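Architecture and fold: a report
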Amino acid sequence: MGLLNILKKMKKDEKEARILMLGLDNAGKTTILKTLSQEDISHIMPTQGFNIKSLVQEGFKLNVWDIGGQKTIRPYWSNYFESSDALVYVIDSSDRRRLEESGQELRELLAEDKLGGIPLLVFANKQDLLQATPADEIAAALDLASISDRTWTIQACSAKDGTGLEDGMQWLIGVINEKA
Amino acid sequence: MNMRDALTGEVMWESGEWDCDLDEMEAQVPREILSCRQVSRELNFSSVEVMTSLRLVQSVIFKGEPLEEWNFHFGFVIPNSTNTWQQTIEAAEEEEMLPAELLSGNVVIETTFLDGDCPIMTQRVRIWYV
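Remember, it's a predicted structure, so these values are computed and weren't measured experimentally.

The next point concerns the environment of Gly-23 of chain A. Residues and elements named next belong to chain A. For Gly-23, the location among the structural elements is in strand β1 (residues 16-23). Between the C-alpha atoms of Gly-23 and Gly-103, which are 80 residues apart in sequence, the distance is 9.5 Å. Apart from residues no more than four positions distant in its own chain, Gly-23 is found in contact with Lys-29, Gly-69, Tyr-89, Val-90, Ile-91 and Ser-102.

This is how it looks when you write it as C-alpha cells:
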C-alpha cells in the first residue's frame, strides 16, 4: 500500500502531476493522506493552511495538496487551483447536517474555470461509522450524475481503517495517466 | 522537521523549534534510516504574513559539495497559517549507498525559504548517524 507504489504503475512520460484535495473541515482530508502513508492518525489537528505530499518515482513527480477546509480558509482555496491535474473532494458521510453545505461547495468548485474538465474523485469518507450515509445515496443527494464536463467517480472509504483509499487513488492516477 | 521510514510511517527523527539565530543545527539520526527503502522528510512551518510566491530550495551537501538539490514552489501562503511539506524519496540501491561512517558529520541539509527572489531564511542541519 502507499502512494509511491501506486505511482510505480504510471507511465513515465508525464513529468509532474498535481492533485488538489478539498472538502469541508473535519471531512478527513489530512487523515486520508496520512493513512495512505501508514502514518499515525491519532493526533491530527485541523489544518490551518496546507499539507503537501511530494513523491518522486523515477523522475515522475506527484504532488498532493491538502488545503484546510474551515470556513475562514475556504476563501483562499482559489489560490491553489492553478495547474491542478485532478480534484479529490472529501465528504464526511456521517455528517448529514452538513451534506447540503458540502454539496454546495463542490458545485462552486466545479464551476471554476481553473478546475474545468479535470477528473474528480469524491471520497465518501467515514464509512466505518454506523450513521454513515452510503456512497450511492450521497451521489444522489449531490446529483453527481449531472456532471457531464469531466470524468468523475465516487468511492466509499474509511480514512481510519484505510478501506477504499487505494482504490480511489488508483482510479485517479489511472485517469490522469490516460489523459497524459 | 521529521524523517520517517516511508514504508512503515515510523518517525525515525524529529526536531521541534528551529533556532534561526544558529548558523547550523545538529541532528542525531539513527543509522537504521540508511537501510530504509523509502524515506520521507517533512517540514512544518508557520507564517503570520501572507505570501504570494513562497518557494524552497533544499540541498544535501556532502563535504561541502552539493549532492542533490530540490526546488519546491508553494506559491500562496495563507496569513496565520501552519503548513507542512513532506517529500518521499526512494533510497539509492544498497551498493550505491555510502556507509554511515563516511556520511556521519559530513552531510548537511540546507533549506532556504524565499518569497519570489527574496530570501526569508536559511537553515542548515548537520546529520550525524548514530
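Here the focus is the sheet that holds strand β6 (residues 65-77) of chain B. All names here are of chain B. The strand order across the open sheet built from five strands is β3-β9-β8-β5-β6, with neighbouring strands paired in mixed fashion. What marks the edges here is a single partner per strand, and that holds for β3 (25-29) and β6. Looking at each pair of strands side by side, their axes are set apart by 20 degrees on average, direction ignored. Bridge count between strand β5 (residues 51-62) and β6: ten bridges; the pairing is antiparallel. Looking at β6, one finds that Val-60 is bridged to Glu-68.

Residue and element names in this part refer to chain A. Under the feature "binding site: Mg(2+)" (unreviewed entry), the UniProt entry names Thr-30 and Thr-47. These residues run over 18 residues, yet every pair of their C-alpha atoms falls within 7.6 Å of each other. Mapping Thr-30 onto the fold places it in helix α2 (residues 29-36). Once residues lying within four places of it in the same chain are set aside, the contact partners of Thr-30 are Ile-44, Thr-47, Asn-51 and Asp-66. Here Thr-47 lies in the loop between α2 and β2 (50-57). Under the C-beta neighbour-count criterion, Thr-47 is labelled buried, with 21 such atoms within 10 Å.

Cut-offs applied
Residues numbered from 1 in each chain as written. Chains lettered and ligands numbered in written order. Predicted model: local features only at pLDDT ≥ 70, side-chain atom pairs only at ≥ 80, totals over all residues. Helix = DSSP H or I, 4+ residues; strand = E, 2+ residues; numbered from the N terminus. Contact = placed C-beta atoms within 7 Å. Pairing = 2+ DSSP bridges. Axes fitted to C-alpha atoms, helices over the stretch in contact; angles between N-to-C directions. UniProt positions renumbered as here; feature names shortened; annotations may be inferred. Buried ≥ 20, exposed ≤ 12 C-beta atoms within 10 Å, placed from the backbone.

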